[in-house]
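Below are the chains, spelled out letter by letter.
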Amino acid sequence: ENYLNNNYNIPTNKTIFHKPNSKIIQITQNTEKIWNNTKEASKELNIKEGTIRMALYRETLSQGSFWKYLN
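Below is a summary of the structure that appears in this document.

The rules we used
Residues numbered from 1 in each chain as written. Predicted model: local features only at pLDDT ≥ 70, side-chain atom pairs only at ≥ 80, totals over all residues. Heavy atoms only, no water. Helix = DSSP H or I, 4+ residues; strand = E, 2+ residues; numbered from the N terminus. Buried < 20%, exposed > 50% of the residue type's maximum accessible area, 1.4 Å probe, protein only. Areas by Shrake-Rupley, 256 points an atom, 1.4 Å probe, with all protein chains shown as cover. Contact = heavy atoms within 4.5 Å. Pairing = 2+ DSSP bridges. Axes fitted to C-alpha atoms, helices over the stretch in contact; angles between N-to-C directions.

## Considering the overall build of the protein chain
Within the protein chain, the secondary structure is distributed over 2 helices and 4 strands. Each helix (α) and strand (β) of the protein chain, taken in turn from the N terminus, gives the series β-β-α-α-β-β. A total of 71 residues make up the protein chain; the buried ones form 23% of that total. Summing over all exposed atoms, the protein chain offers an accessible surface of approximately 6000 Å²; the carbon and sulfur share of this is 46%.

## Observations regarding the environment of W67
In this structure, W67 sits in strand β4 (residues 65-69). With relative accessibility at 1%, the residue W67 sits in the buried group. With 41 residues separating them in the primary sequence, W67 and Q26 have C-alpha atoms 4.8 Å apart. W67 has contacts with I24, I25, Q26, W35, A41, L45, I52, A55, L56, T60 and S62, leaving out every residue within four places of it along the chain.

## So, the sheet that holds strand β1 (residues 24-28)
Spatial strand order, β2-β1-β4-β3: 4 strands in an open sheet with antiparallel pairing. Two strands in the sheet have a free side with no partner beyond their single neighbour: β2 (31-35) and β3 (61-62). Where β1 lies against β4, 4 bridges are found, and the strand directions are antiparallel. Across the sheet, residue I27 finds its bridge partner in β4, namely F66. Set on the sheet, helix α2 (residues 49-58) makes contact with β1, β3 and β4; between it and β4 the angle comes to about 75°.

Encoded structure:
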């Protein structure tokens, strides 16, 4: 097949997978907690850092919490 002639969406900007040293927020039901970075949250909550990063990237629930980078 000739893939170049199909209408695939090719991203023009690189997606930022991880923002080192960026503050993150953990939202669980009605509780919010701010962490200095994923490593700190990972250590205290005993969750793999990669699990938190993937939740941040996908903007989905992980371990019962919603995770988001603070701008």
